[in-house]
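Report on the structure
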Amino acid sequence: MFRPLFALLRRDLVLALRRPQDALTVVGFFVVVVALFPLGIGPDPEFLRRLAPGVLWVAALLAVMLSLERLFSDDYRDGTLEQMLLVPQPLGLLVLTKVFAHWLITGLPLVLISPLLAVQLNLQADEIVMLMLALLLGTPILSLIGAIGAALTLGLRGGGVLIALLILPLYAPPLILGAGAVDAVMHGASAQAHLSLLGAMMVFALFATPWATAAAVRIMLD
Amino acid sequence: MADREFRAVDLAAERGDRRLFEHLDFTLSPGQLLQVSGRNGCGKTSLLRILSGLSRPAAGQVYWGDEPVQSIDGGTGSCLGYLGHPNALKEDLTAEENILIAGGLAGGRPSHEAVLSMLASLGLAGYEDLPVRFLSQGQKRRVALARLLLQAKPLLILDEPYAALDVQVIDVLRSAIEAHLSRKGMIVITTHQVVDIDGDCHNLRLG
């Protein structure tokens with residue numbers, strides 16, 4: 001049962017490696033957006049530190065959104081998505097595998113590079129650890145929810161903008177909890193509640209969204 | 001190979017508000033080929049997509065044996081292979097990788113030698129290690145056919161398999177089709193060319 005999923009995961013990772021610019025654009029976007037903020041609002045370190053959690057989180061979710069359009073559209077165009085519907089495996093599991101690959105290619109690099117940007121915004125060590133932890137729990141949610149939007153806009157013109165309109169409102173809860181967790185540490189409080197809720201949300205998204213995405217793919221390919 | 005009949009009962013398809021066809025019935029037994037013909041836009045591709053379970057019919061039902069195709073364990077892909085207009089190849093992967101990955105997705109593990117000999121029989125020897133984007137349209141079609149033939153499904157649904165193929169490969173494909181029929185496989189095919197195939201062939205005219 002796991003061999004087909006493994007084959008799919010491997011395929012998506014190999015494709016990403018053969019075309020690294022796709023993944024690098026997302027990271028580049030994240031870095032540039034965050035780097036622009038100090039230029040816009042001035043170099044006061046204390047002020048930057050207060051803004052940092054929100055800035056980093058908003059930049060991360062915009063970067064993830066930027067990459068969503070390509071999640072299914074390449075497979076849709078060349079017909080491999082159609083063949084995927086004929087694979088004798090539950091479509092939800094195949095979708096989940098694709099989303100996992102998407103997270104490895106886009107979400108994980110964001111988590112890994114975030115400490116560097118956090119230092120730039122004057123976050124302290126314990127806040128940076130919390131930021132990474134929150135992003136580690138939060139970016140999979142972004143990929144999972146975003147997949148629904150990517151599937152619903154398959155084959156539509158101007159799909160990228162439509163994804164933003166569909167998905168950004170749904171990104172509010174992870175944004176609030178994720179940025180809130182770092183804020184809590186900054187003010188000396190416990191971030192336990194934020195992280196627990198974020199974790200619960202990830203587990204829920206892990207179970208619920210692949211089926212919604214699979215249904216959307218089926219409808220769009222009908 | 002196949003031990004069941006493939007039946008369509010009272011099928012109808014719509015595109016927008018237009019009825020493409022209705023009250024379509026046929027039965028395909030193991031070893032038979034059904035050629036679907038008709039002018040452009042009469043619903044050949046729609047019919048093939050319905051038969052393969054990718055689209056839902058406006059009315060009617062498709063059966064694999066006594067089971068409706070939607071309720072087959074593992075989906076329609078476990079009994080049929082479908083080749084549509086797009087070749088479903090990844091441009092950045094080589095021909096061999098494309099076939100191996102498709103095989104892996106289907107749950108099998110096609111051997112390296114089997115893939116090479118299938119590619120060679122379709123005239124692609126020497127092109128195995130080239131990314132597919134460097135191949136011509138006809139060569140891509142051949143890779144897609146090689147992938148389909150290697151999966152060895154009892155029922156093959158082929159939408160214009162001859163498109164962009166040159167004469168020699170048409171011959172190879174014809175003998176592959178005949179071999180599939182003689183192994184008690186079933187085939188549903190649309191084509192504009194007249195290709196005479198030895199075997200139990202039936203014709204279905206739409207529109």
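All of these numbers come straight from a predicted model, not from anything done at the bench.

1. As for the overall build of chain A
Along chain A, the regular secondary structure elements total 9 helices and 0 strands. Counting helices and strands in the order they occur from the N terminus, chain A gives α-α-α-α-α-α-α-α-α. Taken over the C-alpha trace, chain A has a radius of gyration of 18 Å; the compact-globule value for 222 residues is 17 Å, and the two agree within 12%. If one aligns the C-alpha atoms of chain A with their principal axes, the spans along those axes are about 55 × 35 × 30 Å. In chain A, which comprises 222 residues, the share counted as buried stands at 47%. A sequence separation of at least 24 residues applies to 80% of the contacts in chain A between residues at least 6 apart.

2. Digging into the overall build of chain B
Of the regular secondary structure elements, chain B holds 5 helices and 9 strands. When the helices and strands of chain B are placed in sequence order, the string is β-β-β-α-β-β-β-α-α-α-β-α-β-β. The C-alpha radius of gyration of chain B comes to 17 Å, within 12% of the 17 Å expected for a compact globule of 207 residues. Dimensions of chain B, computed from C-alpha atoms along their principal axes, come out at roughly 50 × 35 × 35 Å. Counting contacts in chain B only where the partners sit at least 6 residues apart, residues at least 24 apart contribute 70% of the total.

3. Topic: the nonpolar core
In this structure, L56 and A60 of chain A are the most contacted members of the largest nonpolar core, which totals 131 residues. Those residues in contact with L56 of chain A that lie beyond four places of it in its chain are V34, S114, L117, A118 and L131 of chain A.

4. Observations regarding the confidence of the model for chain B
Model confidence for chain B is summarised by a mean pLDDT of 88, while 99% of its residues fall at 70 or above. This prediction of the complex comes with two scores: 0.92 for pTM and 0.89 for ipTM.

5. Considerations on the interface of chain B and chain A
The parts lose accessible area when they come together, and the size of an interface is often stated as this lost area. The interface is formed by 23 residues belonging to chain B together with 19 residues belonging to chain A. No other element matches the 4 residues that helix 2 (residues 95-105) of chain B contributes to the side of chain B that touches chain A. Looking at the side of chain B that touches chain A, its residues break down into 9 nonpolar, 11 polar and 3 charged.

6. As for helix 5 (residues 167-182) of chain B
All names here are of chain B. Along its 16 residues, helix 5 runs 23 Å from first to last C-alpha, staying within 8% of the 22 Å computed at 1.5 Å per residue. If you check which residues of helix 5 are buried, you get V169, L173, I177, H180 and L181. All buried residues of helix 5 fall inside an arc of 120° around its axis, so they share one side. For helix 5, the exposed residues lying more than 90 degrees away from the buried face are V167, Q168, D171, S175, A179 and S182. Looking at the buried side of helix 5, the elements it contacts are strand 3 (32-37), helix 4 (137-151), strand 7 (155-159), strand 8 (186-190) and strand 9 (200-205). Of the residues trailing helix 5, K184 is marked for its positive phi of about 70°.

7. Here we look at the environment of E22 of chain B
All names here are of chain B. Examined against the element boundaries, E22 turns out to sit in strand 2 (residues 18-28). Taking the C-alpha atoms as reference points, E22 and G207, separated by 185 residues in sequence, lie 9.8 Å from one another. Beyond its immediate chain neighbours, meaning those up to four positions away, E22 contacts A12 and A59.

8. Let's talk about the environment of Q151 of chain B
All names here are of chain B. Along the polypeptide, Q151 turns up in helix 4. Assessed through the 20 C-beta atoms surrounding it within 10 Å, Q151 is described here as buried. Each C-alpha atom of the pair Q151 and G108 lies 8.0 Å from the other, and the pair is 43 residues apart in sequence.

9. Digging into the sheet that holds strand 7 of chain B
Residue and element names in this part refer to chain B. Strand order in the open sheet formed by 5 strands is 6-7-8-3-9, and the pairing between neighbours is parallel. The open sheet has two edge strands with one neighbour each: strand 6 (80-83) and strand 9. In this sheet, adjacent strand axes meet at a mean angle of 15° when their direction is disregarded. Pairing between strand 3 and strand 9: 6 bridges, direction parallel. Paired with Q35 across the strands is N203, a residue of strand 9. Helix 5 contacts strand 3, strand 7, strand 8 and strand 9 of the sheet and is inclined by roughly 145° relative to strand 8.

10. What to know about the pairing of strand 8 of chain B
Residue and element names in this part refer to chain B. Burial of strand 8 is extensive: 5 of the 5 residues sit out of reach of the surface. Side chains M186, V188 and T190 of strand 8 all project onto a buried face; the interleaved residues I187 and I189 project onto the opposite face, where all are buried too. In this structure, strand 3 lies alongside strand 8, joined through 4 bridges in parallel fashion. Of the residues in strand 8, the one forming a bridge with L34 is V188. Relative to strand 8, strand 7 is paired through 5 bridges, and the arrangement is parallel. Bridged to L155 within strand 8 is M186. Each parallel crossover has a hand, and for strand 7 linked through helix 5 to strand 8 it is right-handed.

Here is what the cut-offs are and how they apply
All residue numbers refer to positions counted from 1 along the written sequence of the respective chain. To read the labels, note that chains go from A and ligands from 1, taken in the order they are written. Since the coordinates come from a predicted model, pLDDT governs what is reported: local features require at least 70, and pairs of side-chain atoms require 80 or more to be given and counted, while whole-chain, interface and lining totals use all residues. The way it works is that DSSP assigns letters per residue, a run of H or I at least four long becomes a helix, a run of E at least two long becomes a strand, and they are numbered from the N terminus. All radius of gyration figures rest on C-alpha atoms, and the globule criterion is 2.2 Å times the number of residues raised to 0.38. Three classes are used. A residue is buried when 20 or more other C-beta atoms lie within 10 Å of its own, exposed when 12 or fewer do, and partly exposed in between, with C-beta atoms placed from the backbone. For every residue pair, C-beta atoms are placed from the backbone, and the pair is scored as a contact if these atoms sit within 7 Å. Note on terminology: a nonpolar core is a set of buried residues of type Ala, Val, Leu, Ile, Met, Phe, Trp, Tyr or Cys, with members joined through C-beta atoms within 7 Å. Predictor confidence is given residue by residue as pLDDT, running from a minimum of 0 to a maximum of 100. In this count, Pro and Cys sit with the nonpolar residues alongside Ala, Val, Leu, Ile, Met, Phe, Trp and Tyr, while Asp, Glu, Lys and Arg are called charged and the others, Gly among them, polar. Here a helix's expected span is defined as the number of its residues, less one, multiplied by 1.5 Å. What the arc describes is the spread of directions from the helix axis to the C-beta atoms. Note on pairing: DSSP must find at least two bridges between two strands before they are called paired. Axis geometry follows a simple rule: fit a line to the C-alpha atoms, using only the stretch in contact for helices, then measure angles between N-to-C directions, giving values from 0 to 180 degrees. With its strands directed away from the observer, a crossover is right-handed exactly when the path from the first strand over the helix to the second travels clockwise.

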